[in-house]
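Listed here are the chains, written in short residue letters.
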Amino acid sequence: MSIKVSSITKTYKTQKALNKVSFSADKGQIIGFLGPNGAGKSTMMKILTGFIKPNSGEVFVNEIDVLQNPIQAQKTIGYLPEHNPLYKDMFVREYLQFQAAIFKIEKSQIEICIKKVGLTLEAHKKINQLSKGYQQRVGLAAAILHNPTVLILDEPTTGLDPNQLVEIRALIKELGKEKTVLFSTHIMQEVEAVCERVIIIKKGQVLVDKKLSELKQNNLQNIEVTFDYKLEEQFIQKLPNIVSYKNNYDNTWYITFESKEDMRPKIFDFAQENGLKILGLNAHNKNLETLFREVTSN
Ligand code: ADP
Ligand code: MG
């Protein structure tokens, strides 16, 4: 197992950023970490890379306990932080030499990484002369200098123009051939273009953790149900196979299920067991795109 996160909770003063987040990643997977702004993506990545500590929970990367041995874990992790902090007055090669020196990395790695991220023709330029897309490549080169097996990329494509987007996505896919990659984004098309698995996070909680192929099988059902009584959210959560839910108006809920079997009879059973009456029930099909839009909207 490349990544194993168990029940991570993180609170900044009074702001709960992560609430019992758990997931794991097998070796060699490319995973999209999808969620709206403020969902907790960057916080999770800072914890995974040992830069901040959670209030509770456990994190293992390559079987190393990140909270106990952050430095040992960091030796196996490549991290591209949000906003890609670079020394922009430096030349590309000079910057990578500087990074390699700090982390005592063999010099031979520098040219290997320059080539890997497609910077051969730009390596003699100043970083601030490069386009945003090429600056991202410099960040990626720096992240893989020590030949890590796990890559954590925090919104690597944000702010890129459409051509640069395509190029950086292709590069992430290429790197994913030999590494486990977890990258965050708030763009669902990106997940479809690059990933084999998606973890959707919202308000500090994991809502969906599935292979894309499973989600595409379209076992998603949307059911709008009206009860004769206004129910609490916790009550709705007791229904099986729930992916997301929304209280449309007073007694009406719009619920997405992921299940092969028709969930309507289950809702009838649920109502009966709990002494409720169903005043209305509508089923709709749903595709991946609408699911993503709904789940990730604020
Ligand atoms: P994302 O990367 O998904 O946009 P973040 O992990 O940056 O989300 O933030 C999650 C929540 O934690 C947000 O509500 C954000 O305002 C809050 N937060 C993040 N960093 C800090 C901090 N250093 N101090 C206080 N609150 C923070
Ligand atoms: Mg962020």
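Residues numbered from 1 in each chain as written. Chains lettered and ligands numbered in written order. Predicted model: local features only at pLDDT ≥ 70, side-chain atom pairs only at ≥ 80, totals over all residues. Heavy atoms only, no water.

The next thing to look at is the environment of Ala283. In this fold, Ala283 is placed in strand 14 (residues 278-285). You can call Ala283 partly exposed: its relative accessible area is 43%. Linking Ala283 and Thr120, residues 163 residues apart in sequence, is a C-alpha distance of 55 Å. Residue contacts for Ala283: discarding those within four places in its chain leaves Asn222, Ile223 and Arg264. (Helix = DSSP H or I, 4+ residues; strand = E, 2+ residues; numbered from the N terminus. Buried < 20%, exposed > 50% of the residue type's maximum accessible area, 1.4 Å probe, protein only. Contact = heavy atoms within 4.5 Å.)

Domain parsing of the protein chain yields domain 1 (3-215) and domain 2 (218-296). Taking only C-alpha atoms, the centre of domain 1 and the centre of domain 2 are 35 Å apart. (Domains from an automatic or database assignment.)

In this structure, Ser42 (OG) and Glu82 (OE) serve as the protein donors to the magnesium ion (ligand 2), at separations of 2.1 to 2.5 Å. Here Glu82 lies in the loop between strand 6 (77-80) and helix 3 (92-102) and Ser42 lies in helix 1 (residues 41-48), a separation of 40 residues in the sequence. Assessed through its relative accessible area of 31%, Glu82 is described here as partly exposed. (Donors = N, O, S within 2.8 Å, 3.2 Å for Na, K, Ca; no water.)

Let us look at the side chain of Ser2. Secondary-structure assignment places Ser2 in the segment before strand 1 (3-12). Classification of Ser2 as buried rests on a relative accessible area of 2%. One polar contact links Ser2 to Thr180, side chain to side chain, over a distance of 2.8 Å. Sequence-distant contacts of Ser2, defined by excluding residues within four places in its chain, comprise Ala25, Asp26, Lys27, Phe60, Val61, Asn62, Val150 and Thr180. (Polar contact = N/O pair within 3.5 Å; in protein donor to acceptor, adjacent residues only side chain to side chain.)

Backbone geometry places Glu155, a non-glycine residue, at a positive phi of 45°. In this structure, Glu155 sits in the loop between strand 7 (150-153) and helix 6 (162-175). Glu155 gets classed as buried once you look at its relative accessible area, which sits at 9%. One non-glycine residue with positive phi stands out, namely Lys203, at about 45°. Inspection of the secondary structure puts Lys203 in the loop between strand 9 (197-202) and strand 10 (205-211).

Across the interface, helix 3 lies against helix 5 (residues 132-144) with an axial gap of 10 Å and an inter-helix angle of 25°. Of the possible angle classes, the one that applies to helix 3 and helix 5 is roughly parallel. Remark: the crossing between helix 3 and helix 5 carries right-handed chirality. Each of Val92, Tyr95, Leu96 and Gln99 in helix 3 lies in contact with helix 5, whose residues at this interface are Val138, Ala141 and Ala142. Its residues placed into classes, the contact of helix 3 with helix 5 shows six nonpolar, one polar and no charged. (Axes fitted to C-alpha atoms, helices over the stretch in contact; angles between N-to-C directions. Parallel < 35°, antiparallel > 145°, perpendicular 65-115°, else oblique. Left-handed = near helix turned anticlockwise from the far one by under 90°. Nonpolar A, V, L, I, M, F, W, Y, C, P; charged D, E, K, R; others polar.)

A word on the site of ligand 1. Near ligand 1 you find Tyr12, Gln15, Ala17, Pro36, Asn37, Gly38, Ala39, Gly40, Lys41, Ser42 and Thr43, and these make up its full shell. Within the side chain of Gln15, a nitrogen or oxygen atom sits 3.2 Å from an oxygen atom of ligand 1. Between Ser42 and ligand 1, the recorded distance is 2.9 Å, taken from a side-chain N or O atom to an oxygen atom. Notes on ligand 1: free accessible area 560 Å², of which the protein chains cover 63%. Those elements giving two or more residues to the shell around ligand 1 turn out to be strand 2 (15-25) and helix 1. By residue number, the principal contributor to the shell around ligand 1 is helix 1, which donates three residues. Of the residues contributing to the shell around ligand 1, the split by class is four nonpolar, six polar and one charged. (Near = heavy atom within 4 Å. Areas by Shrake-Rupley, 256 points an atom, 1.4 Å probe, with all protein chains shown as cover.)

The terminal C-alpha atoms of helix 5 lie 19 Å apart, and with 13 residues this matches the ideal 18 Å at 1.5 Å per residue to within 8%. Among the residues of helix 5, those classed as buried are Gly133, Gln135, Gln136, Arg137, Val138, Gly139, Leu140, Ala141, Ala142, Ala143 and Ile144. Of the surrounding secondary structure, the elements contacted by the buried residues of helix 5 are strand 6, helix 3, helix 4 (108-116), strand 7 and helix 6. (Expected span 1.5 Å × (residues − 1).)

As summarised here, the arrangement of the six strands in space is 6-7-8-3-9-10, forming an open sheet in which the pairing is mixed. Of all strands in the sheet, those with a lone pairing partner are strand 6 and strand 10, marking the two edges. Between one strand axis and the next, the sheet turns by 15° as a mean value, whatever way the strands run. Examined bridge by bridge, strand 3 (residues 30-34) and strand 8 (residues 180-185) share five bridges and lie parallel to one another. By the bridge assignment, Phe33 is partnered in strand 8 with Ser184. The strands touched by helix 1 within the sheet are strand 3, strand 6, strand 7, strand 8 and strand 9, with strand 8 carrying the most contacts at an inclination of about 150°. (Pairing = 2+ DSSP bridges.)

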